[in-house]
Amino acid sequence: MCGIVGAVAQRDVAEILVEGLRRLEYRGYDSAGVAVIDHENQLTRVRRLGKVQELADAVEQSHVAGGTGIAHTRWATHGEPSEANAHPHVSGDIAVVHNGIIENHEALRALLQERGYQFKSQTDTEVIAHLVEWELRQSESLTEAVQKAAKQLEGAYGTVVLDRRDSSRLVVARSGSPIVIGFGVGENFLASDQLALLNVTRRFMYLEEGDVAEITRREVTVFDVNGVKIEREISESNAEHDAGDKGQFRHFMQKEIFEQPKALINTMEGRLGKDSVVVDSIGVHAAEILEKVEHVQIVACGTSYNAGMTARYWFEGIAGVSCDVEIASEFRYRKFVTRPNSLLITLSQSGETADTLAALRLAKEKGYMAVMTICNVAGSSLVRESDIAFMTRAGAEIGVASTKAFTTQLAALLMLVTGIGKQKQRIDAAKEKEIVDALRALPAQIESALKFDKQIEALAIDFADKHNTLFLGRGEYYPIALESALKLKEISYIHAEAYAAGELKHGPLALIDADMPVVVVAPGNELLEKLKSNIEEVRARGGLLYVFADEGAGFESDETMKIITMPKVSEITAPIYYTVPMQLLSYHVALIKGTDVDQPRNLAKSVTVE
Ligand code: M6R
């Protein structure tokens with residue numbers, strides 16, 4: 001995913017464009033660029049490899065002037081991060097920025113080369129520039145040319161086009177990647193996320209799938225997918241300026257729990273086709289690498305390790321690829337054997353965790369086929385040093401207790417598993433569609449899970465005076481139990497353990513008494529009946545149970561067992577969904593206990609020392 005900003009104004013817009021890119025930088029970028037037209041129709045394009053600051057310095061030095069411009073920060077998919085591959089891309093008088101992936105770029109490239117166009121980059125985006133340039137030759141307006149070009153593009157995109165000869169307008173098209181138009185007074189703006197424009201306007205209009213819009217200083221004209229002029233709703237935003245602002249929430253952790261639907265939408269943006277995962281969106285050369293993978297080794301710490309533990313069930317159960325998961329501080333000091341065609345995956349919110357980074361560096365010496373990171377922070381060490389960086393795009397996570405980073409890691413992992421399964425022909429189209437449908441439904445389902453907040457708050461009172469809590473799960477809910485226990489201990493300081501429920505009778509059953517609540521993650525799956533037997537083992541020994549189950553699971557509350565009934569969701573994504581009530585439980589217990597939720601004692605957000 002990349003970031004787009006555009007402006008049509010009387011005043012110079014370079015600074016506004018660069019500030020917009022800065023606000024989008026959290027999404028993960030490797031190069032950036034702007035193209036601005038001045039009042040004499042001179043086009044200035046500045047592009048830089050690296051962070052937005054590199055571009056900002058270059059723009060300042062070049063004294064870029066002009067009131068109409070487009071800007072972009074890139075996360076490379078087609079073509080390595082380089083100045084030549086950075087946007088805007090130019091064809092004659094046309095300049096273009098683009099988010100997403102043009103799936104038929106190879107066919108279009110061949111066609112355009114036959115027409116005499118010379119390509120200067122390895123990107124899929126450059127085909128848009130040449131295609132619009134070509135269509136403009138036989139069109140009456142830039143808008144018409146963009147509409148004609150859009151009809152030939154397959155894939156997910158949000159794209160903005162300018163014509164050097166006409167500084168009065170920008171034309172934008174949306175299909176699969178969001179575009180928002182921001183309304184000013186005598187000036188108008190656009191971006192891939194309203195966050196980029198919150199310093200210049202609060203009035204926004206979101207384009208819908210297939211829309212093409214023409215933006216001038218005074219007017220915005222929108223055409224739908226059929227080319228029919230249409231009105232789209234304009235709304236006033238009350239979003240915050242600053243990711244570092246808690247807004248209406250009491251704590252960052254609470255804010256970040258509630259941000260999960262949006263964070264997941266960001267994680268998936270441009271990565272899901274209609275019924276498929278867009279493998280190229282995972283990273284440059286991902287398709288070739290994934291096809292060859294015969295073994296996956298995941299290395300991570302803390303919450304990220306728990307995400308890896310969950311994904312192991314998916315790698316083996318869905319993609320049929322063997323998978324080991326190891327805590328980074330163990331992996332780095334163990335004499336391990338590298339299996340043939342092994343992919344090493346590091347998972348990390350920060351991208352700076354010292355043990356995970358050391359494990360990555362070691363793996364590079366030990367003959368892994370490729371090293372990949374699933375990470376939330378652009379430009380972090382893990383991102384820079386990995387062959388493939390699959391960004392989670394959760395947005396800044398400030399609370400020490402990781403929440404949205406975990407659920408977005410899981411969504412990214414599920415897309416990756418599907419990509420591997422597809423490349424290795426281990427899953428069919430029907431299964432791929434089932435996974436894609438489940439992922440697509442997830443943000444709305446999590447939105448509804450958040451409505452259990454009050455019910456869980458009431459439940460939290462039972463835990464606040466306890467010294468120990470046991471979490472149980474089976475299958476992929478065992479790592480969810482691990483993550484739940486980590487969350488509770490981290491912010492409430494209550495000792496919490498997680499066990500695979502089948503292990504109870506091998507020791508932990510000795511702990512059960514009325515002073516230790518037992519939380520069970522129990523959605524319906526093929527292990528539910530076995531889990532019910534484990535629950536009975538606890539009941540028979542006087543334990544107090546809190547069971548999170550879905551409708552139809554057949555549990556009934558009584559004096560020893562409280563049932564929290566959640567709506568049924570796809571079994572594939574249920575581990576992600578069931579994480580949310582667990583996060584809320586920890587949060588509310590910590591609130592009652594009065595601990596420092598966002599900065600729990602002895603911990604730090606980014607563990608950069610061993
Ligand atoms: O940034 P990372 O994901 O690499 O961090 C790993 C752990 O330090 C981190 O997940 C930690 O366990 C969290 N505080 C858990 O909430």
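These figures come from a predicted structure and were not determined experimentally.

So, how was this worked out
Residues numbered from 1 in each chain as written. Predicted model: local features only at pLDDT ≥ 70, side-chain atom pairs only at ≥ 80, totals over all residues. Heavy atoms only, no water. Phe/Tyr/Trp six-rings, centres within 6.5 Å; stacked < 30°, edge-to-face > 60°. Lys NZ or Arg CZ within 6 Å of the ring centre and 35° of its normal. Core = buried A, V, L, I, M, F, W, Y, C linked by side-chain atoms within 4.5 Å. Buried < 20%, exposed > 50% of the residue type's maximum accessible area, 1.4 Å probe, protein only. Helix = DSSP H or I, 4+ residues; strand = E, 2+ residues; numbered from the N terminus. Contact = heavy atoms within 4.5 Å. Pairing = 2+ DSSP bridges. Axes fitted to C-alpha atoms, helices over the stretch in contact; angles between N-to-C directions. UniProt positions renumbered as here; feature names shortened; annotations may be inferred. Near = heavy atom within 4 Å. Polar contact = N/O pair within 3.5 Å; in protein donor to acceptor, adjacent residues only side chain to side chain. Areas by Shrake-Rupley, 256 points an atom, 1.4 Å probe, with all protein chains shown as cover. Parallel < 35°, antiparallel > 145°, perpendicular 65-115°, else oblique. Nonpolar A, V, L, I, M, F, W, Y, C, P; charged D, E, K, R; others polar.

Inspection of every chain in the model, using the stated rule, returns 7 aromatic pairs. Above the face of the Phe555 ring, Lys532 is positioned so that its terminal group lies 5.4 Å from the ring centre. The residue whose ring lies beneath Arg601 is Tyr493, and the NZ or CZ to ring-centre distance is 3.8 Å.

Attention now goes to the nonpolar core. Counting 89 residues, the largest nonpolar core has Phe315, Ile345 and Leu416 as its most contacted members. Top element by residues in this core is helix H18 (residues 574-593). It accounts for 11 residues. With residues up to four places along the chain from it excluded, the contact list for Ile345 reads Val296, Gln297, Ile298, Val299, Phe315, Met372, Ile374 and Leu416. Membership of the second largest hydrophobic core comes to 29 residues, among which are Ile16, Ala71, Phe189 and Ala191.

Before going further, it helps to examine the sheet that holds strand S20 (residues 388-391). On the basis of which strands lie adjacent, the open sheet formed by 5 strands has the order S17-S16-S18-S19-S20 and parallel pairing. Of all the strands in the sheet, just strand S17 (322-327) and S20 have a single pairing partner and so form its edges. Pairs of neighbouring strands in the sheet enclose a mean axial angle of 20 degrees, with direction left out of account. As judged from the 6 bridges shared by strand S18 (residues 342-348) and strand S19 (residues 370-375), these two strands associate in the parallel manner. Considered in S19, the bridge of Ser348 is made with Cys375. Relative to the sheet, helix H9 (residues 302-317) contacts strand S16 (295-300), S17 and S18, its axis offset from that of S17 by approximately 170 degrees. Sitting on the sheet, helix H11 (residues 354-365) touches S16, S18 and S19, and the angle it makes with S18 is about 165 degrees.

Moving on, we get to the UniProt feature "domain: SIS" (unreviewed entry) in the chain. The UniProt feature table records "domain: SIS" (unreviewed entry) at residues 286-426 and 459-600. Helix makes up 38% of residues 459-600 and strand 22%, and the two end C-alpha atoms of the span are 22 Å apart.

This part covers the site of the ligand. As a matter of local geometry, the ligand sits amid 14 residues, with Ser304, Ser348, Gln349, Thr353 and Glu490 nearest to it. Note that an oxygen atom of the ligand is positioned 2.6 Å from one of the backbone N or O atoms of Gln349. Within the complex, the protein chains bury 91% of what would otherwise be the 410 Å² of accessible surface of the ligand. Of all the elements in the fold, those that place two or more residues in the shell around the ligand are H9 and helix H16 (477-492). At 3 residues, H9 tops the list of elements feeding residues into the shell around the ligand.

This part takes up the side chain of Ser381. Positionally, Ser381 belongs in helix H12 (residues 381-385). If we skip the residues at most four places from it in the chain, Ser381 touches Gly351, Glu352 and Leu357.

Axis separation between H9 and H16 bottoms out at 8 Å; the angle between their running directions is 170 degrees. Our classification of the angle between H9 and H16 gives roughly antiparallel. For the pair formed by H9 and H16, the contact residues are Gly302, Thr303, Asn306, Met309, Thr310 and Tyr313 on the first element and Tyr478, Pro479, Ile480, Leu482, Glu483, Leu486 and Lys487 on the second. Tallied by class, the residues present in the contact of H9 with H16 amount to 7 nonpolar, 4 polar and 2 charged.

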